[in-house]
Amino acid sequence: MTRSKVTSAIVRDLIIGLALLVGIMLIPDQTHGSLMASLQVAMNSKWAQILDWPAAWCSVKVLLAAFGLFLVMEAAGTLFAQWRFNQLASLLYLSVLLPCGLLAFGVFLLVKALL
């Protein structure tokens, strides 16, 4: 890829990631915008309660937050790699495992809320 295409991909990923992170705070639910409270509501869902919509919605918010965080961290890692800060870029690429784990946990919470 050319340098301008990489830069436009970085800007695109940053804008999408930040828009997701800001958007989930503005989307109303019963927790009034707190992501930790959304996580708590999703975790408190019971397996026996089928179609727990508030918990499912909070699980979707957790999924969107994890994906937004992934995009921001990936764009920052690419930016640092482009600036030749290779150790910092490697550290950021390694720390992308955190949002990936949060994505997997969010899928588990969504399945738990719906089944």
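Details of the structure are given in the entry above.
Residues numbered from 1 in each chain as written. Predicted model: local features only at pLDDT ≥ 70, side-chain atom pairs only at ≥ 80, totals over all residues. Heavy atoms only, no water.

A closer look at helix α2 (residues 35-43)
For the α-helix, the turn length of 3.6 residues means that residues three or four positions removed from each other point alike.
For step 1, the next point in the chain: Buried within α2 are the following residues: Ser-38, Leu-39 and Ala-42. Seen from one end, α2 has its buried residues packed into an arc of 100°, which puts them on one side.
For step 2, the next point in the chain: For α2, the elements touching its buried residues are α3 (53-82) and α5 (97-114). (Buried < 20%, exposed > 50% of the residue type's maximum accessible area, 1.4 Å probe, protein only. Helix = DSSP H or I, 4+ residues; strand = E, 2+ residues; numbered from the N terminus. Arc of directions from axis to C-beta. Contact = heavy atoms within 4.5 Å.)

A look at the environment of Leu-92
For step 1, the next point in the chain: Within the secondary structure layout, Leu-92 lies in helix α4 (residues 86-95).
For step 2, the next point in the chain: On a C-alpha basis, the gap between Leu-92 and Phe-80 in space is 8.9 Å, while along the polypeptide they are 12 residues apart.
For step 3, the next point in the chain: Aside from chain neighbours lying at most four places away, what touches Leu-92 is Met-73, Ala-76, Gly-77 and Phe-80.

Remarks on unusual backbone geometry
For step 1, the next point in the chain: With a phi close to 55°, Leu-51 is a non-glycine residue in the positive phi region.
For step 2, the next point in the chain: Take Leu-51: it is sitting in the loop between α2 and α3.
For step 3, the next point in the chain: Phi is positive for Arg-84, which is not a glycine, with a value near 70°.
For step 4, the next point in the chain: Residue classification places Arg-84 among the exposed residues on the basis of a relative accessible area of 64%.

Some words on the packing of helix α1 (residues 3-26) against α3
For step 1, the next point in the chain: Two numbers describe how α1 lies on α3: the axes approach to 8 Å, and their chain directions differ by 150°. By the angle between their axes, α1 is roughly antiparallel relative to α3. For the crossing formed where α1 meets α3, the hand is left-handed.
For step 2, the next point in the chain: Considered class by class, the residues forming the contact of α1 with α3 number 16 nonpolar, 5 polar and 4 charged. (Axes fitted to C-alpha atoms, helices over the stretch in contact; angles between N-to-C directions. Parallel < 35°, antiparallel > 145°, perpendicular 65-115°, else oblique. Left-handed = near helix turned anticlockwise from the far one by under 90°. Nonpolar A, V, L, I, M, F, W, Y, C, P; charged D, E, K, R; others polar.)

Overview of a nonpolar patch on the surface
For step 1, the next point in the chain: Nonpolar side chains collect at one region of the surface, where Met-43, Trp-47, Phe-105, Val-107, Phe-108, Val-111 and Leu-115 lie side by side and expose about 640 Å² of accessible area between them.
For step 2, the next point in the chain: Examining the composition of the nonpolar patch, we find that 4 residues originate from one element, α5, more than from any other.
For step 3, the next point in the chain: Relative to the helices and strands, Val-107 is located in helix α5.
For step 4, the next point in the chain: Of the residues examined, Val-107 reaches a relative accessible area of 45% and is grouped as partly exposed. (Patch = residues over 30% accessible without salt bridge, like charges linked within 9 Å, V, L, I, M, F, W, Y side chains within 5 Å. Areas by Shrake-Rupley, 256 points an atom, 1.4 Å probe, with all protein chains shown as cover. Salt bridge = Lys/Arg side-chain N within 4 Å of Asp/Glu carboxyl O.)

Section: the side chain of Ser-59
For step 1, the next point in the chain: Tracing the chain through its elements places Ser-59 in helix α3.
For step 2, the next point in the chain: Judged by its relative accessible area of 0%, Ser-59 is buried.
For step 3, the next point in the chain: Of note is the side chain of Ser-59, whose polar atom sits 2.8 Å from the backbone oxygen of Ala-55.
For step 4, the next point in the chain: Among all residues touching Ser-59, those that are not within four sequence positions of it are Ala-42, Gly-106, Leu-109, Leu-110 and Ala-113. (Polar contact = N/O pair within 3.5 Å; in protein donor to acceptor, adjacent residues only side chain to side chain.)

Digging into the pattern of salt bridges
For step 1, the next point in the chain: Applying the stated rule across the entire model yields 1 salt bridge.
For step 2, the next point in the chain: In this structure, Arg-12 and Asp-13 form a salt bridge, with 3.4 Å as the shortest nitrogen-oxygen distance.
For step 3, the next point in the chain: Overall, Asp-13 belongs to the buried group, its relative accessible area being 12%.

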